[in-house]
Amino acid sequence: ALTQTFRKTDIATSNTSPYHLIIEQERINKRVATVTEKVRVSEYEISLVLVYSFTVDTPTQTTKKDAPETNTLIHSQRIQLSRNYIYDITRVTAMQREEQLILEEMRQEASYRILHQMQAVSDKLNVRSAAEFKPDSARLSEQTPQ
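Digging into the side chain of Glu99
Thought 1: Looking at the secondary structure, you find Glu99 in helix H2 (residues 92-124).
Thought 2: Classification of Glu99 by relative accessible area gives buried; the value is 16%.
Thought 3: Beyond its immediate chain neighbours, meaning those up to four positions away, Glu99 contacts Lys30, Ile46 and Tyr85.

Regarding the packing of aromatic side chains
Think of a pair of aromatic rings as described by two things: how far the centres are apart, and how the planes are tilted against each other in angle.
Thought 1: Scanning the model with the defined rule gives three aromatic pairs in all.
Thought 2: Centroid distance Tyr44 to Tyr87: 5.2 Å. Interplanar angle 90°. Geometry classified as edge-to-face. Of this pair, Tyr44 sits in strand S3 (residues 41-58) while Tyr87 sits in the loop between strand S4 (69-86) and H2, and the two are 43 residues apart along the sequence. Of the two residues examined, Tyr44 and Tyr87, each falls in the buried class.
Thought 3: Seen from the ring of Tyr44, Lys30 lies directly overhead, with NZ or CZ sitting 4.3 Å from the centre.

Describing unusual backbone geometry
Thought 1: The backbone of Val39 sits at a positive phi, close to 55°, despite the residue not being glycine.
Thought 2: Within the secondary structure, Val39 sits in the loop between strand S2 (19-35) and S3.
Thought 3: Taking the relative accessible area as the measure of exposure, Val39 reaches 67% and is therefore exposed.
Thought 4: The phi angle at Ser76 is positive, at roughly 30°, despite the residue not being glycine.
Thought 5: For Ser76, the position within the fold is in strand S4.
Thought 6: A residue is classified by how much of its surface remains accessible, and Ser76, at 44% relative accessible area, is partly exposed.

Some points on the nonpolar core
Thought 1: Ranked by internal contacts, the top residues of the largest apolar core, which has 28 residues, are Leu21, Tyr52, Ile79, Met106, Ile114 and Met118.
Thought 2: Breaking this core down by element, the ones donating at least two residues are helix H1 (2-8), S2, S3, S4 and H2.
Thought 3: Top element by residues in this core is H2. It accounts for nine residues.

A closer look at the confidence of the model for the protein chain
Thought 1: Of the residues in the protein chain, 81% have a pLDDT of 70 or more, and the chain-wide mean is 82.
Thought 2: By mean pLDDT, the top-scoring element of the protein chain is S2 (93), and the lowest-scoring one is strand S5 (residues 137-142) (60).
Thought 3: For the stretch residues 127-134, pLDDT sits under 50, and the model shows 17 contacts to residues farther than four places along the chain or on other chains.

What about the pairing of S2?
Thought 1: Pairing of S2 with S3 involves 15 bridges; the strand directions are antiparallel. Note on S3: the bridge partner recorded for Ile22 is Ser53.
Thought 2: Once S2 ends, the chain turns through five residues before running back antiparallel as S3, passing Val39 with a positive phi of about 55°.

Rules used in this analysis
- Residues numbered from 1 in each chain as written.
- Predicted model: local features only at pLDDT ≥ 70, side-chain atom pairs only at ≥ 80, totals over all residues.
- Heavy atoms only, no water.
- Helix = DSSP H or I, 4+ residues; strand = E, 2+ residues; numbered from the N terminus.
- Buried < 20%, exposed > 50% of the residue type's maximum accessible area, 1.4 Å probe, protein only.
- Contact = heavy atoms within 4.5 Å.
- Phe/Tyr/Trp six-rings, centres within 6.5 Å; stacked < 30°, edge-to-face > 60°.
- Lys NZ or Arg CZ within 6 Å of the ring centre and 35° of its normal.
- Core = buried A, V, L, I, M, F, W, Y, C linked by side-chain atoms within 4.5 Å.
- pLDDT = per-residue confidence, 0-100.
- Pairing = 2+ DSSP bridges.

Next comes the structure, spelled out in structure tokens:
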């Protein structure tokens, strides 16, 4: 979803970009929201929790041979989204597809929130002006759980 969002806004993903978007955690939870009088599930709640950081490499002032400094622009920001949907036991396959569509929609919304936060932080720190902010590329990565 992030890659698609970046493409839509003309930001390429590249391993050589000075910008790093690090997905620290993605967690999906599903719980029963309501039941019928016959104790059958009638509604589920799906939640998506995403934790990410945004950094930029800046050249050091000493020599070009030194490794660039990494400056953290966003420290472990958390996004939490949730949606409820009605569950129809007679349409299990359709309900599974609906759940996948809801997850895709939540990931897309999270992607736009991340992009807007990146833009706001870079504008605030005067990395680039609001009108010019469109980094040529960004590096996407996931941290392995420790």
